[in-house]
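Each chain, written out:
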Amino acid sequence: LQNSAASGPLAGKKVIVTAGGTVERIDPVRYISNDSSGKMGFALARAARAMGAEVTLIAARTDEKPPQDPDIKVVRVESAQEMYEAVAGRWKACDILIKAAAVADYRPKQSAPSKIKKSGETMTLELVKTTDILESLGKMKDKQFLIGFAAETGNAEAFAKDKLVRKNLDLIVANDVAAEGAGFGTDTNIVSIYGAEGLVLDLPLVSKDEVARRLLGLAAERIAGAAL
Ligand code: CTP
Ligand code: CA
């Protein structure tokens, strides 16, 4: 426990980071997911810890193992619904929530209990909307500082600003996932960070670790400012 009484700009703050892509089961061996690698969320968890925060990492499917740091609590989840429950259950005590996870927007209406056998020439999967985790929590916000991500493939600024307002976020990180060196799977990212007042920070191609440090630095600054 040598680091438990940590110092740093986020000392004493409870930070929740979600990472990876949710898995929405069709049957026990098949699912719907997405290309999220988990790297951005892992970088955020490590950076928050390095800044003194008490970190919980809620990870869905990822390409790599989450950080093996005794000071980062890792909770594994599969679906959007499980992620929602894991975050909602920790919401009251949370100071900063960062939703770097790529959450499925739709899930199969039914998840078959046993492997589906092939039959006809075509097959139709009926999908239903998942809970929007950020939007639900944005409605229950008191002291919490909420940060969302917006993975876009064009017109990122307009879409990101719309999500910031709709989900009652404090900051949103827009990344153009179609750009070289940015988005899913890479170790680098190109992001623009927006607040209610507009563009806050434009970062060129930098490591996801650097994006994480800069984003958490902004959050720490704003929380300290609000407390004055
Ligand atoms: N998000 C969430 N719950 C969902 C869907 C998204 O909490 N069911 C969060 C993501 O973790 C991310 C932010 O909302 O931080 C924006 O996700 P994004 O997919 O870009 O936005 P959507 O609102 O789902 O809109 P769309 O996919 O249509 O662009
Ligand atoms: Ca979405």
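Definitions and limits used
Residues numbered from 1 in each chain as written. Chains lettered and ligands numbered in written order. Predicted model: local features only at pLDDT ≥ 70, side-chain atom pairs only at ≥ 80, totals over all residues. Heavy atoms only, no water. Helix = DSSP H or I, 4+ residues; strand = E, 2+ residues; numbered from the N terminus. Rg over C-alpha atoms; globule rule 2.2 N^0.38 Å. Buried < 20%, exposed > 50% of the residue type's maximum accessible area, 1.4 Å probe, protein only. Contact = heavy atoms within 4.5 Å. Areas by Shrake-Rupley, 256 points an atom, 1.4 Å probe, with all protein chains shown as cover. Lys, Arg positive; Asp, Glu negative; His and termini not counted. Charge placed at Lys NZ, Arg CZ, Asp CG, Glu CD. Near = heavy atom within 4 Å. Polar contact = N/O pair within 3.5 Å; in protein donor to acceptor, adjacent residues only side chain to side chain. 1 Å grid on protein atoms, 1.4 Å probe; cavity = no way out; pocket = protein on both sides within 12 Å on 5 of 7 lines; lining within 4 Å. Sits in = over half its atoms within 2 Å of the grid points. Nonpolar A, V, L, I, M, F, W, Y, C, P; charged D, E, K, R; others polar. UniProt positions renumbered as here; feature names shortened; annotations may be inferred. Pairing = 2+ DSSP bridges. Salt bridge = Lys/Arg side-chain N within 4 Å of Asp/Glu carboxyl O.

An unreviewed UniProt entry annotates the protein as Coenzyme A biosynthesis bifunctional protein CoaBC of Paenibacillus borealis.

Undergrad: So what exactly am I meant to see when it comes to the overall build of the protein here?
TA: A tally of helices and strands in the protein yields five helices and 12 strands. At 18 Å, the protein has a C-alpha radius of gyration in line with the 17 Å of a compact globule built from 228 residues. Looking at the protein residue by residue over its 228 residues, the buried ones come to 45%. When contacts within the protein are restricted to residue pairs at least 6 apart in sequence, those whose partners lie at least 24 apart make up 61%. Total accessible area computed for the protein in this model is approximately 11800 Å², and 50% of it derives from carbon and sulfur atoms. Computed over 31 positive and 30 negative side-chain charges, the separation of the two mean positions in the protein equals 5 Å.

Undergrad: Please explain the site of ligand 1 as it appears in this structure.
TA: Taken together, 17 residues lie near ligand 1, and Lys99, Thr131, Phe149, Lys163 and Lys167 sit nearest. Thr130 has a polar side-chain atom sitting 3.3 Å from a nitrogen atom of ligand 1. Contact between ligand 1 and Phe149: an oxygen atom at 3.0 Å from a main-chain N or O atom of the residue. Coverage of ligand 1 by the protein amounts to 78% of the 570 Å² it exposes when considered alone. More than half of the atoms of ligand 1 fall within 2 Å of the grid points belonging to the largest pocket. Listed by contribution, the elements that provide at least two residues to the shell around ligand 1 are helix H3 (133-138), strand S9 (145-152) and helix H4 (156-166). Its residues assigned to classes, the shell around ligand 1 comprises eight nonpolar, three polar and six charged.

Undergrad: What is the right way to look at the UniProt feature "binding site: CTP" (unreviewed entry) in the protein in this model?
TA: The sites that carry the UniProt feature "binding site: CTP" (unreviewed entry) are, in the present numbering, Asp105, Lys115, Phe149, Lys163 and Lys167. Spatial dispersion of the annotated residues is evident: they stretch over 63 residues in sequence, and the largest pairwise C-alpha distance comes to 37.3 Å. Within the annotated group just given, the residues that line the largest pocket are Asp105, Phe149, Lys163 and Lys167. By secondary structure assignment, the location of Asp105 is in the loop between strand S6 (96-99) and strand S7 (106-108). Structurally, the position occupied by Lys163 is in helix H4. Leaving out residues up to four positions away in the same chain, Lys163 has contacts with Ala150, Glu152, Asn168, Leu169 and Ile172.

Undergrad: Would you mind showing me how to read the pairing of strand S4 (residues 54-59) here?
TA: A regular strand places its side chains on the two faces of the sheet in alternate fashion. Burial analysis of S4 places five of its six residues in the buried class, the great majority of the element. Pairing between strand S1 (residues 14-19) and S4: six bridges, direction parallel. Within S4, the residue paired with Val17 across the bridge is Leu57. Examined bridge by bridge, S4 and strand S5 (residues 72-76) share five bridges and lie parallel to one another. Note on S5: the bridge partner recorded for Ile58 is Val75.

Undergrad: What should I look at first to understand the pattern of salt bridges in this one?
TA: Two side chains bearing opposite charge may form a pair once their charged atoms approach each other closely. Here the structure, examined in full by the defined rule, presents 20 salt bridges. The residue Lys167 makes a salt bridge to Asp132 at a minimum N-O spacing of 2.8 Å. With Lys167 in the loop between H4 and strand S10 (171-176) and Asp132 in the loop between strand S8 (127-129) and H3, the pair connects residues that are 35 residues apart, well separated along the chain. For the salt bridge of Arg166 with Asp162, the shortest nitrogen-to-oxygen distance reads 3.5 Å. Within this pair, Arg166 and its partner Asp162 are both found in helix H4, separated by four residues, close to a single helical turn. You can call Arg166 partly exposed: its relative accessible area is 41%. Residue Asp162 is classed as partly exposed on the basis of its relative accessible area, which comes to 41%. Counted as one network, the salt bridges with shared partners bring together Glu135, Lys139, Asp162 and Arg166.

Undergrad: Where do I start with unusual backbone geometry in this structure?
TA: The general pattern is negative phi for most residues beyond glycine and trans for most peptide bonds. Backbone geometry places Asn155, a non-glycine residue, at a positive phi of 55°. If you trace the backbone, Asn155 turns up in the loop between S9 and H4. In this model, Asn168 sits at a positive phi of 60°, which is unusual for a non-glycine residue. Relative to the helices and strands, Asn168 resides in the loop between H4 and S10. Using a relative accessible area of 38% as the deciding quantity, one classes Asn168 as partly exposed.

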